[in-house]
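The residues making up each chain are set out below.
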Amino acid sequence: MEMIHLKINGIPVEVPAGSTVLEAAKAANVDIPTLCYLKDVNCIGACRICVVEITGARGLVAACTHPAAEGMEVFTNTPKVRKSRKTTLELLLSNHKKKCLSCVRANNCELQKLSVAYGADEDRFMPEEMNKPIDDSSPFLVRDNNKCIQCMRCVAACKNVQSVSVIGNIRRGFNVHVGSAFDAPLASTACVGCGQCIVSCPVGALTEKSSEKKVWDAIADPEKKVIFFTAPSIRATLGEEFGNPVGTNVEGKMVAAIRRLGPDQVFNMDVTADLTIVEEANELIERITTGGTLPMFTSCCPGWVKFCEHFYPDFLPHLSSCKSPQQMFGAVLKSYYAQKNNIDPKNLFVVSVIPCTAKKFEVTREEQREGDFDDVDVALTTRELGRMIREAGIDFNSLPDEQFDDPFETASGAGAIFGATGGVMEAALRTAAVKLDGKCEPLEFTEVRGTKGIKEATYTVGGVTVKVAVASGLANAREIVEGIIKGEKDYQFVEIMACPGGCINGGGQPVQSDSVRNFVDLKTLRAKALYDADSSMKLRMSHESPVMDMLYKEFFEKPGAHKAHEYLHTTYVPRGKYQD
Amino acid sequence: MTIASYAVGAHQGYVYVRAEYPVAVHRLQIALDQAREYGLLGKNILGKGHDFDIEIRLGAGAFVCGEETALLTSIEGNRGEPRPRPPFPAVKGLFGKPTLLNNVETYANIAQIIRKGAAWYSAMGTEKSKGTKVFALGGKITNVGLVEIPMGTTLREIIEEIGGGIPEGKAFKAAQTGGPSGGCIPAQHIDTPIDYESLAALGSMMGSGGLIVMDEDNCMVDVSKFYLNFTVDESCGKCTPCRVGTRKLLQLLEKITDGKGEMEDLEKIQDLATHMKSSSLCALGQSAPNPVLSTLQYFGDEYLAHIKDKKCPAGVCKNLLQYEIVADKCKGCTLCARNCPAGAITGTVKNPHVIDTDKCIKCGVCMSNCKFGAIIKK
Amino acid sequence: MTEKTVIPFQGTPEQEAQLKEVIAKHHDQPGGLMPTLQEAQGIYGYLPIEVQKMIADGLGVSLSEVFGVATFYSQFSLTPKGKHRISVCLGTACYVKGSDKILEAVEAKLGIKSGECTADGMFSIDSCRCVGACGLAPVMLVDEDVYGKLKPDQVAKILDSYK
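Treat the numbers as computed from the prediction; the structure is a model and nothing was measured.

What counts and what doesn't
- Residues numbered from 1 in each chain as written.
- Chains lettered and ligands numbered in written order.
- Predicted model: local features only at pLDDT ≥ 70, side-chain atom pairs only at ≥ 80, totals over all residues.
- Heavy atoms only, no water.
- Contact = heavy atoms within 4.5 Å.
- Buried area = accessible area lost by both parts, 1.4 Å probe.
- Salt bridge = Lys/Arg side-chain N within 4 Å of Asp/Glu carboxyl O.
- Polar contact = N/O pair within 3.5 Å; in protein donor to acceptor, adjacent residues only side chain to side chain.
- Helix = DSSP H or I, 4+ residues; strand = E, 2+ residues; numbered from the N terminus.
- Core = buried A, V, L, I, M, F, W, Y, C linked by side-chain atoms within 4.5 Å.
- Buried < 20%, exposed > 50% of the residue type's maximum accessible area, 1.4 Å probe, protein only.
- Domains from an automatic or database assignment.
- Nonpolar A, V, L, I, M, F, W, Y, C, P; charged D, E, K, R; others polar.

1. Quick notes on the interface of chain A and chain B
So, point 1. Taken together, the 31 residues of chain A in the interface contact 31 residues of chain B.
So, point 2. With both sides pooled, the region where chain A packs onto chain B buries about 2800 Å², and carbon together with sulfur makes up 54% of that total.
So, point 3. Our count for the chain A to chain B interface comes out at five salt bridges.
So, point 4. Across the salt bridge formed by E128 of chain A and R247 of chain B, the nearest N and O atoms sit 2.6 Å from each other.
So, point 5. Put simply, chain A and chain B have 22 residue pairs in polar contact (both at pLDDT 80 or more) between them.
So, point 6. Broken down by secondary-structure element, the contributors of at least two residues to the side of chain A that touches chain B are α2 (79–94) and β8 (168–170) of chain A.
So, point 7. Per-element accounting of the side of chain A that touches chain B gives the leading share, seven residues, to α2 of chain A.

Right, here's the structure in full:
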């Protein structure tokens, strides 16, 4: 690897050839501020915040795109550079909706942070109120273009990372804006709700559709029994909302905090992750042994399911008929739990806490309703939970560790790793191995771990060869599906997560500042918390959980039984690319 | 282009033509077809073993696509947004391949230079600007059209001899070169030789060779506003300094020509101009402030008149004009009052009439109707 | 700003066949989206959503990408043009010779603004930036006819000649 030598603010530094000035500066411990740069997603040199002076160059150059060169002399903080950044910020502020106090990104907004640092005067350049229309048509998110700074990170995420491409730049010059074709509302497009656009946005232009009020109202309603349950990856990320280092497992405090919001019960969604595995492993073995549709694809990711419905409706028979853990929990609560505890299901208000925005659509799916009511009433993102905890004045970091409520407290490590890409696959393989082979040794399937976009492996279990693939990020999902359609790929079982890295990097997760996420591997650190939890648990396999025994003995009979099918399985809806 | 392709080993060329020139496109297509017939394009040209062909690609109404990286992005089928450089097109250009990109005028010179020799070409022009340049001469000038002149010809020669002088005996005020990216050359510099360096030294540029002559009836603040209107329309919107900066510059100029200008607006204009020149992604943003800076430099008094006195000396900016009837010239014929669309003129027959400036919409109909020259603009 | 076509799409099967041919011609051409849009506008006179969807599906690009390109360039129109297309040049040489007054005269005569179409579909007005006839400044085009060295009071007679 060829190394080159240059100076950043007089500091000598050595970096691999091909590095940018931005990367070279970081190597010299010099932070250059950025706005439109997002590592591996967007590098276009548009915002002009990262401008620097380079000896011999004409004008100021953008550090994020400019290649570092041997002998280069870079100056990142001269008066000319600082004046330029300040003016750029003032120009952005001149037509930015400045309602910072009520904006959900207050204190976590890149524009606000930089403007404060540079003392930008928001009124310097004839501020205008743009009054652009707000798009809140979809159940997942709200786009407010009055806050958009045209960084294009959302478009890059949707087009390049997710290959969904339902948003793009429209018109040019000052009238340029991001939206869907013909400025149609997002709900009328093939948007899958993955929320990668939200977590790419440096400001408050994109936020999830808030369900907080509904939850507060239900908690305050004496008639309602409010039940919260939390997805596996929340324990690994909620702490970031309160200043904890990335990858801190805050399960105990998470339960304590939710309890103090006032619901009646706090349950562990890892339980229905286990339930999903039991049902799905059963379904997989059945398909393999009786010539069912293969490969079978996981169906716990609602972003992937919607993607399949829009872009590959012919592929729907490949999806497992299992509902997602969230939806299974809702079904279990409104049937088994309600009956057992003599509660009228219409008085149950079920709230899931999930790392996901696509699940805000999943809860509205008509095919998944139980009679008159939805399985789950509200899907709340990690960020929304963080806001509710702050609003309630709870000091998260000083809470004691508490445990989930009975009977939905105990789950296996296999359930916990659902949040990482490859986790569902590994959990399913553990249970399938025991079913086919009577044992599973070793318990770790390391070939499907890690943040690589597509992972493949072949396992032989009880004489059965199972070729598997794991993909995260929808562009990778598309590659796998296209490969199967062309006959180039041959698998029995495929796990798809819409979000790169899996749910730990979901559209509902805390948004880290650019200075962290452009240089820190969030996916690996957050996933590690889950794998560490798994390896420290007594129960490592889904079917071992006593809660499984309870559910099947008392209600569902056995995996794949008629009652299990009625409540725990679903069908899918072929949708076109264009929703007219 | 074929010679250039041979020099660098390229096999595919493209000509990017503005769609507003359908005649040029049609003729170019004929020329390309004829060249192929003669074996000057295609496989094994002139039996020398070199393959080269040319495709026409049309623009679709975007000035920014004259910027080289935007042009390449447009040929690639995208929105014509410029790309950061480096990497330069010669390293990573069209479809990611090393690309040689030049103006038609540059390529057109190649054949002559090779045929008649470099010494012949260098004999024309100045030390640093060799050969000839084509200009589009227009505006307040008797002879309009395309002129090809040796570099170093003075502006005076172009205006007085080649251009035939300013019509109606009006006074020469300024010549704008380089279009919306350029600046103006005022009357005191009329003896400037036209070449790359001299124009740059005066705060202007050669650009695409536009040379627009202006006279005493042009308001230089209005002229820079016209150019900013153009750049606001043509900005691609990708980078902050240009997308927002051009709009803010235009708003400041509108403020000034509307009679609402303040002295600190000039400071803001200067700051914006410096910022856009140093920090814009491409030359459109970097050069957008040039007309303003240039007119401020040479016609600063005009700006001050607009701001301090709320007056437009050239009589162009409507909001700063007042139409007035000169009492001792007015015969009271009532023609103006009868034609005024706003009913702003009062007066009785054979008596001097008066314009109510609050009602006046400054359309000028009264002045063009008056047979006695009794109505003036001030 | 929403671009809504008020006039319903009236594409014919012949036009669709032509469009399919154009798409096939440019399908494998690098950067083929631009020439496809240009030729599609030649067939239909404008680029409504129906046409853009056919192009998106035919070329295998997303509709938002097609729309992004169609709205970037001034020449592409999302709304139908009139039977006679008027274009007034607002380039520097023409502007300095008063082409803005020509545009005002056209707008006043037809009762619509630049970018709009008359209710009877006869005329639409646009402005353009330099058609390269600076020697004839100020210039107005009606379809393929070029009118140069124009004065505002000549506009009415010229437009009437197209009725």
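2. Thoughts on the nonpolar core
Residues and elements named next belong to chain A.
So, point 1. Formed by 66 residues in total, the largest nonpolar core has its most connected members in V215, F228, L238, L333, F408, L551 and F556.
So, point 2. The element that contributes the greatest number of residues to this core is helix α11 (residues 325–340), accounting for eight residues.
So, point 3. When sequence neighbours within four positions are dropped, the list of residues in contact with V215 reads F228, F349, V351, V378, L380 and M388.
So, point 4. Within the second largest apolar cluster, 62 residues are counted, among which are L206, C301, A469 and Y572.

3. Focus: the domain arrangement of chain B
So, point 1. Here the domain parsing of chain B yields domain 1 (1–112), domain 2 (132–215), domain 3 (220–309) and domain 4 (321–377).
So, point 2. Placing a centre on the C-alpha atoms of domain 2 of chain B and another on those of domain 4 of chain B gives a separation of 39 Å.

4. Focus: the interface of chain C and chain B
So, point 1. Facing 28 residues of chain C, the contacting portion of chain B comprises 38 residues.
So, point 2. Of the roughly 2600 Å² buried between chain C and chain B, counting both surfaces, carbon and sulfur atoms make up 59%.
So, point 3. The largest per-residue losses of area from chain C upon contact with chain B belong to F72, V96 and R129 of chain C, which jointly make up 26% of the total buried on that side.
So, point 4. Between the two partners, chain C and chain B, sit one salt bridge.
So, point 5. When the shortest N-O distance is used, the salt bridge between R129 of chain C and D233 of chain B registers 3.5 Å.
So, point 6. The interface formed by chain C and chain B holds 16 residue pairs in polar contact (both at pLDDT 80 or more) in total.
So, point 7. If you list the elements that add at least two residues to the side of chain C that touches chain B, you get α2 (33–44), α4 (63–72) and α5 (92–96) of chain C.
So, point 8. The residue makeup of the side of chain C that touches chain B, split by class, is 15 nonpolar, eleven polar and two charged.

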